[in-house]
Amino acid sequence: MSSLAEVPGRTSKLSRRVSANSHLWHDYSLYFEIFSHHAPLSISNRETLAELQQAPRRFKKGSVVKNHSLNAKYLLAIQDGWACSCRVTEEGKRQIIDLYLPGDIVGLRDYHTGGRFDEVTMLTDGLVIPMHKSQLDQAMQKDHSLVNAMLAATMHQCNIMADRLNNLISHDATTRLAYFILELHARLNFSRSEMRDLTIPLSQQVIGDLLGMTNVHVCRCLSQLEAKGLLTRDKDSRNIRLLDYPALLALAGFNTAYLHSCSRARQRAATASKSH
């Protein structure tokens, strides 16, 4: 069922990690790393994207990194850290809409609306790499391969949200939580699919807000998954180990077939890059 496409192995090191104080950031393109996993790009594209991205910015946990007036004209690629997008209901309640993990780009889905609806907040400390949308527009006018890559990356995000919505309306609470854990596992560990461990630096309140559950219900459902022998968790470190991965897949109805088809897109991108 899942429509998750591969993004660079997020729990492993990205090919070249940089810090906000590094002088190497201008030789590195996180945007190329992300886009090239969705569509073939050339070495020339990599150079263009490296020139367009700006110096990394570090944000503290709880910081707003994007809303209708802040960074509305920028894409923000997350190098490190987790973030969420929220909307405020008419009753004044904050509703979490989506999660952003390392290797995700904030601002793709609302590219032409200026971030009018969502407010993006860091859930952990993080490092974010901005890119001005007007400059990317100019580059895309000259090279349509960048257009294809951005559209593919945007659809990737939309498919994740659509699958999660289907999960919310189709499953009971325990199954919804199992599906969510598998979604995060796939997004964090695709390049190392044999991994069965993941760390989820989210409070049960945040998970509950995203899945339409109370934090007490999240705790109860985690205990049920543990009692079934499907996973185990360390409450202090928030590490989760998947003990019976096939059974967890069956329970959640989670299908990773699309992930593997997108790995072929990554291979095509690598071949195209070498040919240039």
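Residues numbered from 1 in each chain as written. Predicted model: local features only at pLDDT ≥ 70, side-chain atom pairs only at ≥ 80, totals over all residues. Heavy atoms only, no water.

Caption draft 1: Spatial organisation of the overall build of the protein chain. A tally of helices and strands in the protein chain yields 9 helices and 11 strands. By sequence separation, contacts in the protein chain at least 24 residues apart represent 72% of the contacts at least 6 residues apart. (Helix = DSSP H or I, 4+ residues; strand = E, 2+ residues; numbered from the N terminus. Contact = heavy atoms within 4.5 Å.)

Caption draft 2: Region of the structure containing the packing of helix H6 (residues 204–211) against helix H7 (residues 215–227). Contact geometry for H6 and H7: axes closest at 8 Å, N-to-C directions at 95°. Judged by the inter-axis angle, H6 sits roughly perpendicular to H7. Only Asn 215, Val 218, Cys 219 and Leu 222 of H7 make contact with H6, whose side of the interface consists of Gln 204, Gln 205, Ile 207 and Gly 208. Looking at the contact of H6 with H7 residue by residue, the class counts come to 4 nonpolar, 4 polar and no charged. (Axes fitted to C-alpha atoms, helices over the stretch in contact; angles between N-to-C directions. Parallel < 35°, antiparallel > 145°, perpendicular 65-115°, else oblique. Nonpolar A, V, L, I, M, F, W, Y, C, P; charged D, E, K, R; others polar.)

Caption draft 3: Expanded view of the sheet that holds strand E10 (residues 231–234). Read across the open sheet, the 3 strands follow the order E9-E11-E10; overall the sheet is antiparallel. Of all the strands in the sheet, the pair left with one neighbour each is strand E9 (197–199) and E10. Recorded for the sheet is a direction-independent mean angle of 20° between the axes of neighbouring strands. As paired strands, E9 and strand E11 (residues 239–242) are joined by 3 bridges and run antiparallel to one another. (Pairing = 2+ DSSP bridges.)

Caption draft 4: Representation of the confidence of the model for the protein chain in the model. On average, residues of the protein chain score 82 in pLDDT, and 79% of them are at 70 or above. A low-confidence stretch, residues 263–276 (pLDDT under 50), is modelled with 20 contacts involving residues beyond four sequence positions or located in other chains. (pLDDT = per-residue confidence, 0-100.)

Caption draft 5: A look at the pattern of salt bridges. In the structure shown here, the tally under the stated rule is 9 salt bridges. Two residues, Arg 187 and Asp 104, come together in a salt bridge whose shortest N-O distance is 2.7 Å. Highlighted residues: Arg 187 in helix H5 (residues 173–189) and Asp 104 in the loop between strand E5 (94–100) and strand E6 (105–106), separated in sequence by 83 residues. For the pair Arg 187 and Asp 104, a shared accessibility class is recorded, and that class is buried. Two residues, Glu 183 and Arg 164, come together in a salt bridge whose shortest N-O distance is 2.6 Å. Taken together, the residues span a long stretch of sequence, with Glu 183 in helix H5 and Arg 164 in helix H4 (residues 144–170) at a distance of 19 residues. Judged on exposure class, the residue Glu 183 and its partner Arg 164 are both buried. In the salt-bridge network here, residues are joined through shared partners; they are Asp 98, Asp 104, Arg 109, Arg 164, Glu 183 and Arg 187. (Salt bridge = Lys/Arg side-chain N within 4 Å of Asp/Glu carboxyl O. Buried < 20%, exposed > 50% of the residue type's maximum accessible area, 1.4 Å probe, protein only.)

Caption draft 6: How the structure looks around the packing of helix H2 (residues 43–52) against helix H3 (residues 133–142). H3 packs onto H2 with a crossing angle of 160° between their chain directions and a minimal axis gap of 10 Å. Taken together, the axis directions place H2 and H3 in an arrangement best described as roughly antiparallel. The hand of the H2/H3 crossing is right-handed. Residues Thr 48, Leu 49 and Leu 52 of H2 touch H3, and the partners they reach there are Gln 135, Leu 136 and Ala 139. Looking at the contact of H2 with H3, its residues break down into 4 nonpolar, 2 polar and no charged. (Left-handed = near helix turned anticlockwise from the far one by under 90°.)

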